[in-house]
Amino acid sequence: MEDSGHTIQMPRVKLGSQGLEVSRLGLGCAGLSGYYNDPLSHEAGCSVIREAFRNGVTFFDTSDIYGENHDNEILLSKALKELPRAKVQLATKFGIMSLEGGKHAVFP
């Protein structure tokens, strides 16, 4: 794909009842910082996020548990500085704790 700076138009859907619209396809960012695999460098992770945006993805999902020291959220913040922030929707999860055996618990 040519890098013309234009994004591909992807279908959008309403999320919830408050009028928020997001791209039909979102990017879960857990794989960027080693949650499921070896972590990508911040440069490579930002490149993935930029490419997803150029392909019409505007909905990105992260969590403070992805990577050490909030690495996933830091990576995503670096990438967002390069994108038109008003066109991006961001979801994050917090309060998740790792338990023995790789299980997770969420505390209200």
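Residues numbered from 1 in each chain as written. Predicted model: local features only at pLDDT ≥ 70, side-chain atom pairs only at ≥ 80, totals over all residues. Heavy atoms only, no water.

## Some thoughts on the sheet that holds strand E3 (residues 26–28)
We count it as follows: Should DSSP find at least two bridges between two strands, the strands are regarded as paired. Strands here mean DSSP runs of E at least two residues long; helices mean DSSP runs of H or I at least four residues long; both are numbered from the N terminus. Angles here are taken between N-to-C directions and fall from 0 to 180 degrees, while the axes themselves are lines fitted to C-alpha atoms, restricted in helices to the stretch in contact. Any two residues having at least one pair of non-hydrogen atoms within 4.5 Å are treated as being in contact.
The strand order E3-E4-E5 describes an open sheet built from three strands, whose pairing is parallel. Strands at the two margins of the open sheet, each flanked by one partner only, are E3 and strand E5 (89–93). Averaged over all adjacent pairs, the angle separating strand axes in this sheet is 20°, with direction ignored. Two strands pair when backbone bridges link them, and strand E4 (residues 59–63) and E5 are joined in this way by five bridges, in the parallel orientation. Directly across from Ser63, in E5, lies its bridge partner Lys93. On top of the sheet, helix H2 (residues 71–80) reaches E4 and E5; it is set at about 150° to E4, its chief contact.

## As for the pairing of strand E2 (residues 20–23)
Two elements, strand E1 (residues 12–15) and E2, share four bridges in a ladder whose sense is antiparallel. Pairing of Lys14 across the sheet is with Glu21, part of E2. Where E1 folds back on E2, the antiparallel hairpin that results is connected by four residues, among which Gly16 adopts a positive phi of roughly 80°.

## Here's the deal with the pattern of salt bridges
Worth spelling out the cut-off: Salt bridge, as used here: a side-chain nitrogen of Lys or Arg that lies within 4 Å of a carboxyl oxygen of Asp or Glu. For every residue, the accessible area (1.4 Å probe, protein chains only) is compared with the maximum for its type, and the residue is labelled buried under 20%, exposed over 50%, or partly exposed between those bounds.
For the coordinates displayed, the defined rule picks out three salt bridges. The partner of Arg50 in a salt bridge is Glu82, and the shortest N-O contact between them spans 2.6 Å. Taken together, the positions of Arg50 in helix H1 (residues 42–54) and Glu82 in the loop between H2 and E5 put the pair 32 residues apart, joining distant regions of the chain. Relative accessible area serves as the criterion here: at 47%, Glu82 is assigned to the partly exposed category.

## As for the nonpolar core
The following threshold applies: What makes a nonpolar core is a set of buried Ala, Val, Leu, Ile, Met, Phe, Trp, Tyr and Cys residues whose side-chain atoms join them at distances within 4.5 Å.
By size, the foremost hydrophobic cluster in this structure holds 15 residues, and its most contacted members are Ile49, Phe60, Leu76, Leu83 and Val88. Contributions of two or more residues to this core are made by H1 and H2. Apart from residues no more than four positions distant in its own chain, Leu76 is found in contact with Cys29, Ile49, Phe60, Thr62 and Leu90.

## Regarding the confidence of the model for the protein
Note that predicted coordinates carrying low pLDDT should not be read in detail. Under the convention used in this document: Per residue, pLDDT measures the predictor's confidence, with a range of 0 to 100.
Mean pLDDT over the protein works out to 84, with 85% of the residues at or above the 70 mark. When mean pLDDT is compared element by element in the protein, H1 scores highest at 95, while strand E7 (residues 104–106) scores lowest at 61.

## Details of the side chain of Ser63
Let me state the cut-off plainly: Whenever two N or O atoms come within 3.5 Å, that pair is a polar contact, provided that in protein one can donate a hydrogen and the other can accept it, and provided that, for residues adjacent in sequence, both atoms are side-chain atoms.
Here Ser63 shows up in strand E4. Among the polar contacts listed, one links the side chain of Ser63 to the backbone oxygen of Lys93, at a separation of 3.1 Å. The contacts of Ser63, once residues within four sequence positions are left out, are Asn72, Glu73, Thr92, Lys93 and Ile96.

## Examining the environment of Ser98
In this structure, Ser98 sits in strand E6 (residues 96–98). Judged by relative accessible area, Ser98 falls into the exposed class, the value being 52%.

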